[in-house]
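Chains, contacts and geometry: an overview
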Amino acid sequence: MALNRFPRGSMRTCPTFTLALLHLLSCWGQLQEFQFTSSVYNATIYENSAARSYVRSVVKMGVALPQSSSWDVKYFIESGDDEGLFQAEEYALGDFCFLRIRTSGGSSAILNREVQDNYTLSVRALEKDGLEAYTRVSVQILDMNDLRPLFSPTTYTVTVAESTPLGASVARVTATDADIGSNGEFYYFFREVVEHFAVHPTSGVVSLTAKPNADEIRRFDLEVLAVDRGTKVYGNNGVSSTAKLMISIIRVNEYPPTLNAVALVPSLSDKEPVYAVVTVEDSDEGPNGEIEWVAIIAGDPLEQFVLDRAPLGNEYRLKTSEPVDWNTFPYGCNLTFQAKDRGTPPKFSNTQVLQLLVKKPASVLAKFERDIYRATISEIAPPGTIIQTVGLNPKPRSVSYGLSLTSDSFYFSVNAFTGAISTARPLTLLGQQLFELEVTEAMSSLRAKVLISVEDANDNVPTFTQASYEVFVNESASVGSVILAVSAVDDDKGENGCITYSIASLQALPFTIDQDTGELKTSKELDFESFLEVYVFAVRVSDWGLPYRRENEVNVTVRILNVNDNPPLFERVSCKGMIARDFPVGQTIITMSAVDVDELGLVKYTILAGNEQDLFSLNPDSGMLSLRRSLVAANVKNGVFSLMIAASDGEIFSEPTFVNVSVVRGRMPSKSFNCRDTKVAQKLAEKLLKKASAIGKSKVEEVYTDLYSINRQTPQFEAFPSDIAVREDLPVGSSVIKVNTNDGDTGFNGRVLHVISDGNTDSCFNIDMESGLIYIYQPLDRERSDRYLLNVTVYDMGLPQRSNWRLLTVNIEDVNDNSPQFSLESYTVVVPENSAVGTEVIEITALDLDLGQNGEVAYALLTSTPLFGINSTTGWVYVSGQLDRESMPDVTLKIEARDKAERGNQKFSVTTLKVYLGDVNDSPPMFIPRSYSCRVLEDLPIGTVITWLQTQDPDLGAGGRVRYSLADDFNGTFVVNVGSGAVKVAKELDFEKQQLYNLSVVAEDCGLPVQLRSSSYVEVEVIDVNENLNEPYFSEFAARATVKENSRLGTSVVQVTAKDDDKGRDGVIRYSIKAGSGLGRFSIDEETVMSPVARVRAADEDGLPTENQNALSGGHGRARRGSSEAPEPSFIFKVGATLSAEDSGCGFWSPTTNLPTSMHPFSCRRSSVVGLKCRCRMIWPFFCAGFLEQGSRDRHGVTQNGSGSSSVTSPALVLVETPNESVCGGTVVSTKMNGVIYTTSILDCETQDSYWLTVYATDRGVVPLSASVEVFVQVEDVNDNAPLTSDPVYHPFVMENSPKDVSVVRVQAQDPDVTSSANRLSYRITAGNPQNFFTINSKT
């Protein structure tokens, strides 16, 4: 806000300081009130406006006037208008003085936005008393469409290839318009409609809408127009600007073929290996895009490679035309590929060099599994025993093994196919422990060394150094004495050469032999008398070999020499007896007998003691004891004689024995002696018997028999079968059969060795040399050999060696070990897409080498598809469903060939069949999308493309080419290009005539013999463009109105009217109040409407209707008198009006008010005097209201008073339905409501005595235009307020006995009404003064 200042000389001098101060304060208050409502205002005006055209501002420009002020304000433009284009005017209305700025008249310059689009004016406000205020007004110059578009440049030249795709942008023209906004908008279009091209109306991009043909038209000369969009609006058909566009059509083979080669690594086992896949693409259309050839232009001088083209498409497979010796290409080969199209002139593709690195055959890279093989063989292994198997890794397809010729190779052989090395000759007599062989492979010239160690097998018998042994031994030799040492040697090695000695005798011998040294020792005391005199036995020597020991025996003779080494032994000892005193002399008392083992009969007897009286005599030879002298004579009365007697062989005395002789009186019987028998005789007899028995046994064993060295019997087969069956899937190491043999000999003579001596051609079998168990040595393959005739030979280890043999036929049973093999690695076939169901396509064949059901093949389709099937027996692939190349141009099927094995897992192989579907014209063109919709402006120029029709026809060739047409072009309003589907505007559109077009479009292909078609539709919505040229305008800049306070709701205040020179809806005006202090207290009719007149129909309690119809005023709310009959008062109220009955306490509701539930609908029941009831309900958009009688009042319900207000006598309010409803009924009349302003609330002059309203008039154009007017409403005062005293209660006092006319209190009152004044009030005492003690001045 600019600070207002005092003009020079405006201060007045005051005579005194106090008066000066008061005046200064008064002036300062006026200074602060005198100012613009804003320091800056924004206003607009159109360029080229006529003289005396006023600028527009959204807000009021000017100075507010105080109520008690009599200011006279003038406005002046101080600066900002050097050319004098503007003038300032003032316009006072109510409490505001408007600032109005207009263009100058006369010869002043015209506003031109392109020259200057904004003016900032400094405006001064001057009051007659010298008050000043300042503000700035920013005037924006609005654009008018006063310039035309201009091309730059004006000539265009382009070249278009005839292969350019439809819809492609080929050129662009540009033009500019200096106007802004919608005024600067313009359209491009061709002067003459051309089928092949279209120009975008706003961007100027020229696109191709039909296929050009250089043979028909080589050049198009076109004129492009740039026309202002306002041309149609203003009715000006002149052309604004023109440009030349020259388009030359050329035939161009634009794109060379694009070649791409990818190398593959095929397997050498493939029947037709593919070494590379070459794909070629050409982006050109027609012949220019066809591929004439793809060739190998370098790298194949021998023409060993060929390119096979796929049945469909541009894919080529590189194969060999003849077997290639890849050894001649150690580093691979580099092939160069190139392609050529059929264009004119032809173009060649890029050259691509592809390196083929093919792996060499596996045999070249193979080597022996080991550089040195080591094996061990027993020296007793018979010829044909397999020792070791050599081989190459990886295993080649074919091999040929051999042994280099050396001295050692003479004893061995190798299977040329399997590499199994076996013995060729016996090794027992060689004595060589290590053989060194060299195995060669003829095809690869590889060599390996084989070292064979020969294990000793205990094939030598220990040999004694003497043929027999004899020795003499005294029987007195001590125990453990060495009497003889035997010796033997064994040529075997290790434990087989370690020997031990033992005595091989069945009889017990008093000898032992040291098992290590061979020393023969006595094991007990020898006794010539009881032992044999000569011992003849065998000493055996044994080695430590396994499984049997080699043994030998030698005869040893030991002769025992007799020695006197036994004392005589008495047969009876400790004899005692009695003799009479008179026993005769010379008679034998007892005979002593002793035995000497050494020499029988040479024993001598003697009395050693007890015969001191020499009474007894002992015969030294016979041992008879007798009396030498008479006992009587010797005077021996009674006594005991103890004689110690001994026996002697001449060298050795026996143990003495005692003979006790007792002499008694009387006669004694004979044989009265008792002795203890020593049983020496019995023992002697037993010894002699034992000796005799030993002598007898020894005589039996005198003849030596060597049971271990004689090989008497030949090995025999036990229950040997002639043939057996073996499954070919038996794993290596599995047992086949055990050969049972028997040899009656013992030891090594009975030990049998087994060998397969012949028939084992593939080395598939081997036999355990010891146990005879035949087992699988190499994998079997029935398909290679289904029968073997094995010669099984057995040997014993006796000397001489004996052998036997049998033939064993081994039949190989088939197992399912081979998968079916297809005749080709993959299959390809082309099938027409219209092939009938059941049509056979191709036969797939596979072969299985197995037998029986293992070799029977069943075919199955692994790919889940309803289109094809396969005969499981024959392998014929057939059509099983409806084919459609467009949905699936090719199908890759996986086919399985599986055998019918019942045991184990079935074997299978899988191949691929690629089925290409040949095209048939069976698909109609399909629109994409299925329907079209577009919105176009009504002023689009002719020839504009509004949409592109697109279809998809998956057919090939002519069946895929589509032509478009319109079933209905609405009298040539639209046109479609036959080839491109571009839909263009052919006639001018008019929104006011037709807003929507539904075009039926048809797409038809060019297939033969039948053309297929489909249809769609295009919804074209025409969009209205802004033809609203004229703004609404009010006849006055501002309006003034008055309304009495307390006027009923809906009271009309003033009518403002605007005009619009446009036609149609652009000229329809709507009014609104958008600003001002009265916003919310006033409303305005928005537009011209059709208002119904309501008819109230009431019913009495008996249901009889009473009707009356009144013509109502347009919203004033006052009832008019009808006919002479008493009319039913009725009222019509507009939407949004809030009604209230004066002093009635009735409630009225607006349409936006929520009614109580009881009023949907409600019944109005009478009181004691009301006799009617009715049904009431809310209506939209209008209400009908009626009043019912009450008591004795006028049943019309309304009385008219002088002031024109209505006094409602009945508080009952009835809301009824619209005229369409039977409750109200009525007719419809047209009521023009031109901007009538109504009150929407009760006004109170004492609260606010004036209001400002900003009323807008807006048309209904596409871009609405509006104008505004300021309305000042003055509220007129009505005497509606009672005077009010300053205090509600006064408390004065007065002295008693006071004289008359003494002032007691002064009552002060004032009237809130604006028009009332203090001198118009009168006072009187109305109560409380019965004695009239007091009086009041009626004026004061």
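Owing to the predicted nature of the structure, the values given are computational and were not obtained by experimental measurement.

**Quick word on the environment of T155**
- With respect to the helices and strands, T155 occurs in strand 10 (residues 155–161).
- In this structure the C-alpha to C-alpha distance between T155 and K244, which are 89 residues apart in sequence, comes to 4.6 Å.
- Apart from residues lying up to four places away in sequence, T155 is in contact with K244 and M246.

**Side note on the sheet that holds strand 36 (residues 482–485)**
- If you walk across this open sheet you meet the three strands as 36-40-39, and the pairing is antiparallel. Single-partner strands in this sheet number two, and they are strand 36 and strand 39 (511–513). Averaged over all pairs of adjacent strands, the angle between their axes in this sheet comes to 25°, without regard to strand direction.
- In terms of strand pairing, strand 39 meets strand 40 (residues 519–522) through three bridges, oriented antiparallel. The partner of I513 across the bridge, within strand 40, is L520.

**Focus on the pattern of salt bridges**
- Taken as a whole and assessed by the stated rule, the structure comprises 33 salt bridges.
- Ionic pairing is found between E470 and R559, a salt bridge with its closest N-O pair at 2.6 Å. Residue E470 is found in strand 35 (residues 468–474), and its partner R559 is found in strand 42 (residues 551–561); the two are separated by 89 residues along the sequence.
- Given a relative accessible area of 47%, E470 falls into the partly exposed group.
- The exposure class of R559 is partly exposed, given its relative accessible area of 30%.
- Between R1065 and D1024 there is a salt bridge, and its shortest N-O distance comes to 2.8 Å. Within this pair, whereas R1065 is found in the loop between strand 83 (1058–1059) and strand 84 (1069–1075), its partner D1024 is found in the loop between strand 79 (1013–1023) and strand 80 (1033–1034), the two being separated by 41 residues in sequence.

**A closer look at the pairing of strand 23 (residues 333–341)**
- Among the nine residues of strand 23, eight are classified as buried, and the element is accordingly described as predominantly covered.
- One ladder, built from six bridges, connects strand 20 (residues 291–298) with strand 23; its direction is antiparallel. The partner of A298 across the bridge, within strand 23, is T336.
- Here five bridges tie strand 23 to strand 24 (residues 352–356), and the two strands are oriented antiparallel to one another.

**Here we look at the nonpolar core**
- F368, V390, Y401, F412, I421, V450 and I452 are the most contacted members of the largest nonpolar core, which has 29 residues in total.
- Every element with two or more residues in this core is listed here: strand 26 (372–378), strand 30 (412–414), strand 32 (434–441) and strand 33 (446–455).
- Looking at which element gives the most residues to this core, the answer is strand 33, with four residues.
- Grouped together as the second largest cluster of nonpolar side chains are 28 residues, V55, L85, A88 and A125 included.

**Things to note about the state of the cysteines**
- Enumeration according to the criterion identifies one disulfide in this entry.
- With its sulfur 1.7 Å from that of its partner, C575 forms a disulfide with C675. The S-S bond linking C575 to C675 shows a torsion near 125°; that makes this disulfide right-handed. Here C575 is found in strand 44 (residues 572–580), whereas its partner C675 is found in strand 52 (residues 674–677), with 100 residues between them in sequence.

**Structural notes on the sheet that holds strand 32**
- Ordered in space as 26-33-32-29, the four strands form an open sheet in which the pairing is mixed. Bordering the open sheet on either side are strand 26 and strand 29 (401–403), each of which pairs with just one other strand. Each neighbouring strand pair of the sheet contributes to a mean axis angle of 30°, computed without reference to strand direction.

**Considering the pairing of strand 15 (residues 205–208)**
- By the bridge criterion, three bridges tie strand 11 (residues 169–172) to strand 15 in an arrangement that is antiparallel. Within strand 15, the position partnered with R172 by the bridge is V205.
- Relative to strand 15, strand 14 (residues 197–199) runs antiparallel, the two being bridged by three bridges. Residue pairing across strands places A198 opposite S207, the latter belonging to strand 15.
- With antiparallel pairing between neighbouring strands as the criterion, strand 14 and strand 15 make up a hairpin whose turn holds five residues, including G204 at a positive phi of roughly 80°.

**Comments concerning the environment of S880**
- Inspection of the secondary structure puts S880 in the loop between strand 68 (876–879) and strand 69 (890–899).
- Classification of S880 as partly exposed rests on a relative accessible area of 30%.
- In contact with S880, not counting residues within four places along its chain, are V837, P866, L867, F868 and G869.

**Here we look at the confidence of the model for the protein chain**
- The predicted model of the protein chain has a mean per-residue pLDDT of 80, with 83% of residues at 70 or higher.
- Every residue in residues 1–16 is under pLDDT 50, and counting partners more than four places away or in other chains gives 26 contacts.

Criteria and thresholds
Residues numbered from 1 in each chain as written. Predicted model: local features only at pLDDT ≥ 70, side-chain atom pairs only at ≥ 80, totals over all residues. Heavy atoms only, no water. Helix = DSSP H or I, 4+ residues; strand = E, 2+ residues; numbered from the N terminus. Contact = heavy atoms within 4.5 Å. Pairing = 2+ DSSP bridges. Axes fitted to C-alpha atoms, helices over the stretch in contact; angles between N-to-C directions. Salt bridge = Lys/Arg side-chain N within 4 Å of Asp/Glu carboxyl O. Buried < 20%, exposed > 50% of the residue type's maximum accessible area, 1.4 Å probe, protein only. Core = buried A, V, L, I, M, F, W, Y, C linked by side-chain atoms within 4.5 Å. Disulfide = S-S within 2.5 Å. pLDDT = per-residue confidence, 0-100.

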